[in-house]
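Spelled out from the first residue to the last, the chains are:
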Amino acid sequence: MHKKIKTFFDMIGEFKKLFWIVVVVSILVSLSESLGITSMLPILENIMGEKNENPIGKVFVFLARLLPFDNKTIGLSILFLFFMSLRTMLFIFQARLIAKLTYGFRNKWRTIIYEKYINSTLSFFSSKKQGDIFHNIVREPERSSTSLNNLALLIVELINTVIIYIFLFAISPSVTIIMTITFGSILIITTYFGKKALYKIGQQQIKYAQNIASTTTETLSGYRPVKLYGYQENKLNKFSAYSDKEAELMVKYAVFRDLPFGLQFFIIALIFTGIIFFFTFTDYNLKNYLPILGIFAVISGKISHSLSTIARNRVIFSSLIPSLKLITSLKKDIEMENTTQGISIDCLKSDIVFENVSFAYEKDDYIFNDLNITIAKGKMTALVGPSGIGKSTIADMVSGFYYPTKGKILINGIDIKDYSLISLRKRISYVSQEPFIFNTTVTENIKMGFKDATQDEIINAAKVANCIDFINELPQKFDTMLGDRGTRLSGGQKQRIAIARAVIRNPDIYIFDE
């Protein structure tokens with residue numbers, strides 16, 4: 001238990017202080033609400049002509065006498081109005097704090113996971129499905145923040161229930177005990193049967209949601225081949241199957257989630273019946289307890305709602321625990337590049353030399369062995385051969401995305417492993433066979449090669465890449481938005497923009513992959 005609590009506070013990090021403020025404000029909300037409800041007791045006793053013999057009632061009568069009203073009932077009513085008004089203001093403040101805690105937590109973890117993925121090693125990134133990555137960045141922090149929200153609400157209602165019980169016990173211990181036994185029994189039963197089932201449901205929710213996201217991103221990325229080869233039905237069937245399974249799962253979840261609220265009125269009926277039985281088979285005069293029973297009738301509804309909310313939020317929290325565990329594990333499990341460690345390379349002074357380089361993506365499954373090549377400085381070197389012999393792998397190794405399994409790659413006579421990746425990559429420009437165009441303007445796409453470039457430098461790079469003519473024909477020229485993945489451009493135009501991006505960087509090494 002102690003380990004779970006420590007893990008929880010480690011996760012909320014800088015929101016720890018805000019969490020405790022929520023707890024304190026929740027106590028104040030519960031106190032003001034309990035004072036407001038119990039202040040109704042002396043009001044009812046006065047209206048019915050009963051004596052204020054209850055200790056709590058006497059306190060309220062004393063406070064009412066301090067007010068400038070001759071009528072005791074009016075004074076007590078003013079106290080009731082004051083406590084309930086205070087409760088309303090504190091509740092609004094509490095709701096704002098919980099929202100700030102919930103969405104602050106979501107944004108923090110969404111940013112952490114996004115940062116982890118974009119700074120991960122290429123080997124780690126390539127081993128994951130894009131749909132899973134997208135789901136883990138967008139959906140899991142959302143689910144985790146929902147779990148935190150439900151935990152906060154659970155704590156709020158728990159504090160509220162405890163404080164109300166204290167006041168109730170002071171009013172009538174016997175009736176409070178009847179309520180406690182009834183509520184407690186039902187709460188224990190629903191918790192016992194629901195906990196394991198909900199944790200399993202939470203795990204399956206993550207699985208199906210990841211499968212749906214993966215199928216969607218794969219289909220959208222491969223839009224043309226999917227349509228060209230008539231693969232739509234296959235993809236649709238797969239998508240529908242995952243969606244149907246998730247829907248079935250959500251029906252089970254909804255039943256468990258809403259069960260506590262379904263039991264709410266049944267619990268109230270049980271309590272009412274129990275109290276009637278108690279007064280019938282004891283020497284108590286029911287009439288003398290009508291004001292107290294009136295208060296208990298109001299409070300039993302409130303407590304029933306609070307305990308149903310506690311049970312419901314516990315159900316939701318249990319189903320979302322796998323999401324909390326997932327985002328915690330992602331922070332630890334994502335393999336990160338250390339881009340700053342190592343010596344800085346200012347320029348390319350000599351050839352790039354591969355000395356007995358062997359490389360395998362997986363153990364003992366080598367792409368090539370004992371490769372010895374020299375890439376001459378200031379000259380064009382072409383690697384020619386069939387697919388799968390490692391041409392793109394060599395380009396990735398020069399870029400520092402992979403290191404040799406055996407052997408060395410020397411730049412300026414120094415092992416490439418000894419250079420910081422950030423300084424190495426500043427000396428390189430890369431143009432792939434299918435260049436990526438970002439959903440922004442022509443200017444911004446070219447400037448990604450060198451963010452401090454002037455407009456003149458951008459225009460000059462476009463001229464060198466032979467794309468100035470078609471850029472000037474675009475609706476807003478350099479300010480034209482190119483759309484997602486450059487949908488406004490042809491394949492050749494995308495290549496030219498990518499070349500301009502490479503040129504403006506003024507690198508020492510150009511890599512053109514096919």
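One structure accompanies this document, and this report is about it. Note that the structure is a prediction, hence the values are computed from the model and not measured. (Residues numbered from 1 in each chain as written. Predicted model: local features only at pLDDT ≥ 70, side-chain atom pairs only at ≥ 80, totals over all residues. Heavy atoms only, no water.)

Right, let's get into the sheet that holds strand E2 (residues 365-375). Reading across from one edge, E2-E1-E3-E4 is the order of the four strands in this open sheet, with antiparallel pairing throughout. Only two strands of the sheet have a single neighbouring strand rather than two, namely E2 and strand E4 (414-415). Sheet topology note: the strand E3 (residues 406-411)/E4 ladder contains two bridges and is antiparallel. For Ile-411, the partnering residue across the bridge sits in E4 and is Ile-414. Across the sheet, helix H13 (residues 391-398) touches strand E1 (352-362), E2 and E3, and the angle it forms with E1 is around 115°. (Pairing = 2+ DSSP bridges. Helix = DSSP H or I, 4+ residues; strand = E, 2+ residues; numbered from the N terminus. Contact = heavy atoms within 4.5 Å. Axes fitted to C-alpha atoms, helices over the stretch in contact; angles between N-to-C directions.)

Where E1 lies against E2, seven bridges are found, and the strand directions are antiparallel. From the neighbouring strand, Val-353 faces E2, where its bridge partner is Thr-374. Linking E1 to E2, which pair antiparallel, is a turn of two residues; within it Asp-364 sits at a positive phi near 65°. Strand direction decides the pairing type here: E1 and E3, joined by five bridges, are antiparallel. Counterpart to Glu-355 in the pairing with E3 is Lys-408.

The tally for this structure, following the rule as stated, stands at nine aromatic pairs. Taking the centre distance of 5.5 Å and the plane angle of 75° together, the rings of Phe-19 and Trp-20 count as edge-to-face. For Phe-19, a relative accessible area of 7% gives the class buried. Classification of Trp-20 as partly exposed rests on a relative accessible area of 46%. (Phe/Tyr/Trp six-rings, centres within 6.5 Å; stacked < 30°, edge-to-face > 60°. Buried < 20%, exposed > 50% of the residue type's maximum accessible area, 1.4 Å probe, protein only.)

Moving on: helix H18 (residues 491-504). With 14 residues, H18 extends 20 Å between its outermost C-alpha atoms, agreeing within 8% with the 20 Å of an ideal straight helix rising 1.5 Å per residue. Turning to H18, its buried residues number three or more, namely Ile-497, Ala-498, Ile-499, Ala-500, Arg-501, Ala-502 and Ile-504. Here the buried face of H18 lies against strand E5 (428-431), helix H15 (442-447), helix H16 (455-464), helix H17 (468-472) and strand E6 (509-512). Looking at the residues trailing H18, positive phi occurs at Asn-506, about 50°. (Expected span 1.5 Å × (residues − 1).)

The next subject is the packing of helix H2 (residues 16-38) against helix H5 (residues 72-118). Two elements in contact, H2 and H5, have axes whose closest approach is 8 Å; the angle formed by their N-to-C orientations is 160°. Considered as vectors, H2 and H5 are oriented roughly antiparallel to each other. Once H2 is placed against H5, the crossing between them reads as left-handed. Counted by class, the contact of H2 with H5 contains 19 nonpolar, four polar and three charged residues. (Parallel < 35°, antiparallel > 145°, perpendicular 65-115°, else oblique. Left-handed = near helix turned anticlockwise from the far one by under 90°. Nonpolar A, V, L, I, M, F, W, Y, C, P; charged D, E, K, R; others polar.)

The quantities given are spatial measurements derived from coordinates; they are silent on function.
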